[in-house]
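Remarks on the overall topology
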Amino acid sequence: MASLPEALAETRLEWDSPLYRMAVAQFDQAVEHAGIHEDSAERLRYPERSIIVSVPVRMDDGRTVVFPGYRVQHSSILGPTKGGVRYDEDVTLGECAALAMWMTWKCALLRLPYGGAKGGVRCNPRAMSQGELERLTRRFTSELLPIIGPQEDIPAPDMATDEQTMAWMMDTYSMQSGFAVPEIVTGKPISIGGSVLRMEATGAGVVMVVARACERLGWRLEDQRCVVQGFGNVGSVAARELTERGAQVIAVSDVSGGLHAEDGLAIEELEAYVRKHGSLAGCEAGRRISNEELLELECDILVLAAREDQVTGENASRVRARMIAEGANGPTTLEADEILAARGIPVLPDVLTNAGGVTVSYFEWVQDLGRIFWTRDEIRAKLAEKLADAFDRVWDVSQERGITLRTSALVAGIRDVAEALEARGLFP
Ligand code: GLU
């Protein structure tokens, strides 16, 4: 028989990808501080279940194109699995596996009764019509029917998916059931059982976490000059909420590049421009800069709300922010984490900072199951309470142990999952 490490290396190949290796390496760093049994740690290094599907779509020109689709469920120890569905050219099984694992720690850290999942279809959504996206979504959903369900796995929006995508998923699932099943997805339109605040929840949560960090550091949020990478559902809301709280947003970016104005950008005008033109391309509200320049601007708070792998071993030494907040999943690599820690730049980690999205998703699911709906103020207050509780636990352990906020956040999530795993025991 092969020795254990060799066997492990082999069995991990299915999910192998740079992002999965990063998720496992972060996990291993946290396990050193979590004090959990190595058998539990070993179980948690692998997703529980994964599915690969082929999604044939009739395109507008009459051709049929087959897209690869995935859903990875990392852990069902604490409850149904939960996580987004993304449409992107980089989607792979290994990417979904990493993102699913992070969802497990995120849900546990926020004390939501869920495990992590993530899925997606490898495609270029910007090159597809609404009709093509609808057919893709409906066929992908029907391919996932054997493994999704309100008590099994509950999808939500992620990169390039939105309320409309969730409405198609909900309708496809409901048509198979013969009745409306709003609790099958979260992030739906309010008219079919969605929750108020869900669409703004991730961005709003980012700012709640940033504000709490500023309080602990003795910084006044109103004095902060912020740079926001990404102007989608997370970045645009975070930028707006930052300005509403009196901070200045001096630069933003999206796929078309960045905009910089040292005396602050008018975020609502930029949002109106994007609604009209689809992106910031051609917008002259500030000096045009590249994505690389944006990441290296001198500022107080850099919000990374675009995608993974943005601050790396290559550019981390040139970052001139005093603090980084991760609105996206996995935007800071392991090498960058080390450099930033050595430079004393705190990183508010993704599993805490962007957890507002899944937290309000949980509120949406609970409301759907109970057929009773809460007000915006009630949900905002519940979200603030959950994030503040998680933030305080992460901050205090990081201070006590002298570990990074990321490791501290992962330790909190991993411990709770491992404790539940040990209580339930290994089947059979
Ligand atoms: N895709 C989001 C995330 O990465 C939200 C997931 C959810 O609401 O289930 O956290």
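For the structure itself, look to the data block above.
What you see is a predicted model, and the numbers here were worked out from it, not measured in a lab. Residue positions are counted from 1 within each chain, in the order its sequence is given. In keeping with the model being predicted, local features are shown solely for residues with a pLDDT of at least 70 and side-chain atom pairs are shown and tallied solely at 80 or more, while totals for entire chains, interfaces and linings include all residues. Based on all heavy atoms of the structure, the side-chain values leave hydrogens and waters out of the count.

Below, the discussion takes up helix α2 (residues 18–34). For the purposes of this entry, the term helix denotes a DSSP run of H or I that reaches at least four residues, the term strand denotes a run of E that reaches at least two, and both are numbered from the N terminus. Given the number of residues in a helix, its expected span is that number minus one, multiplied by 1.5 Å. Between the first and last C-alpha of α2 there are 24 Å, a value that for 17 residues agrees with the 24 Å anticipated at 1.5 Å per step. Contacts made by the buried residues of α2 are with α3 (38–44), α4 (93–109), α11 (334–342) and α15 (405–424). Throughout, a residue-residue contact means that at least one pair of heavy atoms, one from each residue, lies within 4.5 Å.

Pairing is mixed across the open sheet formed by seven strands, whose spatial order is β9-β8-β7-β6-β10-β11-β12. Looking along the sheet, the strands with just one partner apiece sit at the ends: β9 (287–289) and β12 (347–348). In this description, strands pair whenever DSSP reports at least two bridges between them. By the bridge criterion, two bridges tie strand β11 (residues 323–326) to β12 in an arrangement that is parallel. Bridging from a neighbouring strand, I324 pairs with V347 of β12.

Along the chain, T407 turns up in helix α15. Apart from the residues within four sequence positions on either side, T407 is in contact with Q29, A30 and H33.

Once that is clear, we can look at the sheet that holds strand β4 (residues 115–122). Each strand in a sheet pairs with another by means of backbone hydrogen bonds, the pair being arranged parallel or else antiparallel. Taken together, five strands build an open sheet; the order of strands is β1-β2-β4-β3-β5 and the sheet is mixed. On the outer flanks of this sheet lie β1 (49–58) and β5 (153–157), each paired with one strand and no other. Strand-to-strand twist across the sheet, computed as the mean angle between neighbouring axes with direction ignored, equals 25°. Where strand β3 (residues 81–88) meets β5, five bridges bridge the pair, whose relative direction is parallel. Considered in β5, the bridge of T81 is made with D153. The axes are straight lines fitted to the C-alpha atoms, using for helices just the contacting stretch, and the angles between their N-to-C directions are given from 0 to 180°.

Before going further, it helps to examine the site of the ligand. Taken together, 14 residues surround the ligand, and among them K82, K106, K118, D158 and S361 come closest. The contact in question runs from an oxygen atom of the ligand to an N or O atom on the side chain of K82, over 2.8 Å. The protein chains shown are the only cover counted for residues, whose accessible areas, like all others here, come from Shrake-Rupley with a 1.4 Å probe. Protein contacts shield 95% of the accessible area of the ligand, which totals 300 Å² for the unbound molecule. Those elements giving two or more residues to the shell around the ligand turn out to be β3, α4, β5 and α13 (356–370). The criterion for a residue being near a molecule or strand is simple. One of its heavy atoms has to lie within 4 Å of it. Polar contact is defined as a pair of N or O atoms within 3.5 Å, subject to the rule that within protein one atom must be able to donate a hydrogen and the other to accept it, and that residues adjacent in sequence are counted only when both atoms are side-chain atoms.

Below, the discussion takes up the packing of α2 against α15. Two elements in contact, α2 and α15, have axes separated by 8 Å at closest approach and are oriented at 70°. For the element pair α2 / α15, the angle class is roughly perpendicular. Contact residues: α2 offers Q26, F27, Q29, A30, H33 and A34, while α15 offers R406, T407, L410, V411, I414 and R415. Three categories are distinguished: nonpolar for Ala, Val, Leu, Ile, Met, Phe, Trp, Tyr, Cys and Pro, charged for Asp, Glu, Lys and Arg, and polar for the others, with Gly belonging to the last. The residue makeup of the contact of α2 with α15, split by class, is six nonpolar, four polar and two charged. For classification, angles of less than 35 degrees are called roughly parallel, those exceeding 145 degrees roughly antiparallel, those between 65 and 115 degrees roughly perpendicular, and all remaining angles oblique.

A cis geometry characterises the amide bond from F427 onward to P428, with omega recorded as 0°. You will see that R111, though not glycine, has its phi angle at about 60°, which is positive. Positive phi, normally seen in glycine, also occurs at R371, with a value near 55°.

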